[in-house]
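Understanding the architecture of this molecule
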2 protein chains.
Amino acid sequence: MVSDQVTRRVRRIADEMRYHADPFAYGLKTKRSFTIGVLIPDLCNPVFPPVIRAVERTLGEAGYIAILAESDNHPEQARVVLEKMKARRVDGLILATALRADHLIAECVEEGLPVVLVNRTVDGDGVVCVNCDEFEGMRLTVGHVAELGHRTVAHIAGPQFLSTGHDRYRGFLRAMHERELAADSSLIRFCDAFSEEAGRAALEALLDASARFTAVVAANDLLAVGCYDALERRGLACPRDLSVTGFNDMPFVNRFEPPLTTVHFGLDEMGSHAARALLDLLDGNAPNAESIRLAPRLIVRESTAPPPSGGSPG
Amino acid sequence: MVSDQVTRRVRRIADEMRYHADPFAYGLKTKRSFTIGVLIPDLCNPVFPPVIRAVERTLGEAGYIAILAESDNHPEQARVVLEKMKARRVDGLILATALRADHLIAECVEEGLPVVLVNRTVDGDGVVCVNCDEFEGMRLTVGHVAELGHRTVAHIAGPQFLSTGHDRYRGFLRAMHERELAADSSLIRFCDAFSEEAGRAALEALLDASARFTAVVAANDLLAVGCYDALERRGLACPRDLSVTGFNDMPFVNRFEPPLTTVHFGLDEMGSHAARALLDLLDGNAPNAESIRLAPRLIVRESTAPPPSGGSPG
């Protein structure tokens, strides 16, 4: 029983002495380390820094700090890093690395370690996910190229073991069907990574197959930018010869040559939602921590135009 | 005294059981947490992700894990985060946040906490730094625009409380002198942040002052890209009306419109050098952990050209 006056005095002196609570000592009472593990596939994919920044700020305001690591989409690398994080007694995890069928996540859930997925979902229920409405994103993209007059549309699909790759692929098929356009399987290429190199190789393979198409919908911006490289190597121009769309609206794509038409969603918002959902879980407020699906919008820039009058480049 | 055979058997069983050393338990013996604090000013500046990736990989191979946080170049924010890191018993720090006169670093050194600076230096000796040779970078840049025929060259300088801003400014003055060009103080603007917005505002101020110049040397790529925005707002073209150079060769500037002429140095190399220097310090090998200065090279792209025949835009 301490008077308000004494409490205020202790706080003032603690501030003056720059006293900070020792999370290890405090943790003896609360059993918390106030440390959160954040695992992402690729720090150099520009979509992640804004997400991580928002995660760190939101966690930081609640007194937490983040341990950050990359998995490179390798389950074994993810396992090694997760073990290191658990050994440091993290209170919870924010994962942008989840595979659609992910044993590591099932293990964490079994162990009672709170987990939130960001920009990823897993097959089945029971894990809180914060992601973009991938189907709506593809509906916007396919709708845009259809309205420009494109009838033969290719899809550079992402890895199918990731929810973003799989849901955008299914979203592409559904949106093509809704627009009464044929989704020709010979015009769909699956990449094993979301990278510029994979996008370039996939579009070159499509062009080599002499497939006829006038637009290509890429499953993310890095794949779309790889398409730019494939076109440049063939002496073809975007959008004159081929329209290209991306997904994510990652930083700086508005400055690219040509500026990329892509699907935008709030990367900051995604990160802060994920952090708040995890804080809810840590406070035992499971009911508030439901999965969150962000609404996308299409940003039309200069990589899309009506189809060339002379036909397709392929 | 354990036989080799027994040792091998224990190791095999440990592998099979996916046993990992508990760093806290191990730390009771070694007094190490195998956790390193990494502090950067701005995760969304694309120069940092490749540096951090290399830091994490090099540390990870040695069994360490990184706690990452941003300072936003605010000393108070840096202090709060550093206290959190120390409370989690970090074994050492890698800082990309150092101010030229930084009390926090002096405190860490006094406390015996190993510190390595990356992409930063501090005034005075005693701290291991890994950075680019800023003076040589400016010599290459100024030499390039001088050889294109520019005689009136402006400088958009970075924050002078950061070594990169200060050394590049001094490097600009020295290189102009070496080329026997006048460094007109009315053609130099100091920014308080390395950001696109600061670069845009600085070049607009120079253009408003009707200063006569045909090239602008920006202290980093974000400032240079801000110059693109200023030119676009005035209906001016780069490099037709004004040549622009950057510094860092951050990812994707080769894809910008126009592709940016800039100073390149190994961002991966910088990160792995910094991590190895810190590991050296942790192993008590101070003599091996001297400051490292990376050699820059100029990448000439399409943002520089001979001066317009009609004179300057200003």
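Described in the following lines is the structure provided in the data block. (Residues numbered from 1 in each chain as written. Chains lettered and ligands numbered in written order. Predicted model: local features only at pLDDT ≥ 70, side-chain atom pairs only at ≥ 80, totals over all residues. Heavy atoms only, no water.)

1. Examining the sheet that holds strand β9 (residues 243–245) of chain A
What holds strands together in a sheet is hydrogen bonding between their backbones, with the strands either parallel or antiparallel. Residues and elements named next belong to chain A. Inclusion rule: For two strands to count as paired, DSSP must find a minimum of two bridges between them. Helix and strand labels come from DSSP, where a helix needs a run of H or I of at least four residues and a strand needs a run of E of at least two; each type is numbered from the N terminus. To define axes, lines are fitted to C-alpha atoms, for helices over the stretch in contact only, and angles between the resulting N-to-C directions are given on a 0 to 180 degree scale. Contacts are assigned to residue pairs with any non-hydrogen atoms lying within 4.5 Å of each other.
Strand order in the open sheet formed by 4 strands is β7-β6-β8-β9, and the pairing between neighbours is parallel. This sheet does not close on itself; its edge strands, each paired only once, are β7 (188–190) and β9. Across this sheet, the average inter-strand angle for adjacent strands is 15 degrees, counted without regard to direction. Sheet topology note: the strand β8 (residues 215–218)/β9 ladder contains 3 bridges and is parallel. Note that in β9 the partner of A215 across the bridge is S243. Sheet contacts for helix α6 (residues 134–147): β6 (153–157), β8 and β9; angle to β8, the most-contacted strand, approximately 170 degrees. Lying on the sheet, helix α8 (residues 196–208) is in contact with β6 and β7; it crosses β6 at an angle near 145 degrees.

2. A few points about a negative patch on the surface
As a reminder, the rule being used: The residues that make up patches have over 30% relative accessible area and no salt bridge, and they are joined within 9 Å when like-charged or within 5 Å when they are Val, Leu, Ile, Met, Phe, Trp or Tyr. Note that accessible areas follow from Shrake-Rupley with a 1.4 Å probe, and for residues the cover is restricted to the protein chains shown. Salt-bridge detection follows one rule: a side-chain nitrogen of Lys or Arg within 4 Å of a carboxyl oxygen of Asp or Glu. His is not counted, nor are the chain ends; Lys and Arg add positive charge and Asp and Glu add negative charge. Positions of charges follow a simple convention, taking NZ of Lys, CZ of Arg, CG of Asp or CD of Glu.
On the surface, A:E257, A:E302, B:E257 and B:E302 cluster together into a patch of negative charge. Residue placement: A:E302 occurs in the segment after β12 (297–299).

3. Comments concerning the packing of helix α3 (residues 48–61) of chain B against helix α10 (residues 267–282) of chain B
Residue and element names in this part refer to chain B. So the rule is basically this: Two helices cross in a left-handed way if the nearer one is turned anticlockwise from the farther one by less than a right angle. They cross in a right-handed way if the turn is clockwise. Classification used: nonpolar for Ala, Val, Leu, Ile, Met, Phe, Trp, Tyr, Cys and Pro, charged for Asp, Glu, Lys and Arg, polar for all others including Gly.
At a closest axis distance of 7 Å, the pairing of α3 and α10 adopts a crossing angle of 40 degrees. Between α3 and α10 the crossing geometry is right-handed. Contact residues: α3 offers P50, V51, A54, V55, T58 and L59, while α10 offers L267, D268, G271, S272, A275, R276 and L279. The class makeup of the residues in the contact of α3 with α10 is 8 nonpolar, 3 polar and 2 charged.

4. Considerations on the relation of the copies chain B and chain A
Superposition of the two copies of the chain requires a rotation about an axis together with a shift along that axis. For clarity, the threshold we go by: Copies overlap after least-squares fitting; the atoms used are the C-alpha atoms of residues with pLDDT of at least 70 in both.
For the pair chain B and chain A, the best superposition has an RMSD of 0.1 Å and corresponds to a rotation of 180 degrees with a translation of 0.0 Å parallel to the axis. The operation mapping one copy onto its partner corresponds to a two-fold rotation axis. Most of the interface of chain B is mirrored in chain A: 100% of its interface residues are interface residues there too.

5. Let's talk about the pattern of salt bridges
Note the cut-off: Burial classes: relative accessible area under 20% of the type maximum marks a residue as buried, over 50% as exposed, and values in between as partly exposed (1.4 Å probe, protein chains only).
Using the criterion set out here, one finds 43 salt bridges over all chains in the structure. Linking A:E147 and A:R179 is a salt bridge whose minimum nitrogen-to-oxygen distance equals 3.1 Å. In this pair, A:E147 is assigned in helix α6 and A:R179 in the loop between α7 (163–178) and β7, connecting sequence segments 32 residues apart. Overall, the relative accessible area of 62% leaves A:E147 in the exposed class. Of the residues examined, A:R179 reaches a relative accessible area of 39% and is grouped as partly exposed. For B:E204, the salt bridge is made with B:R233, and the minimal N-O distance between the two is 3.8 Å. A residue pair is termed long-range when its members are at least 10 positions apart, and B:E204 in helix α8 (residues 196–208) and B:R233 in helix α9 (residues 221–233) qualify at 29 residues. What makes B:R233 exposed here is its relative accessible area of 57%. Within this structure, A:E197, A:R200, A:E204, A:D208, A:R233 and A:R234 form a network of salt bridges that share partners.

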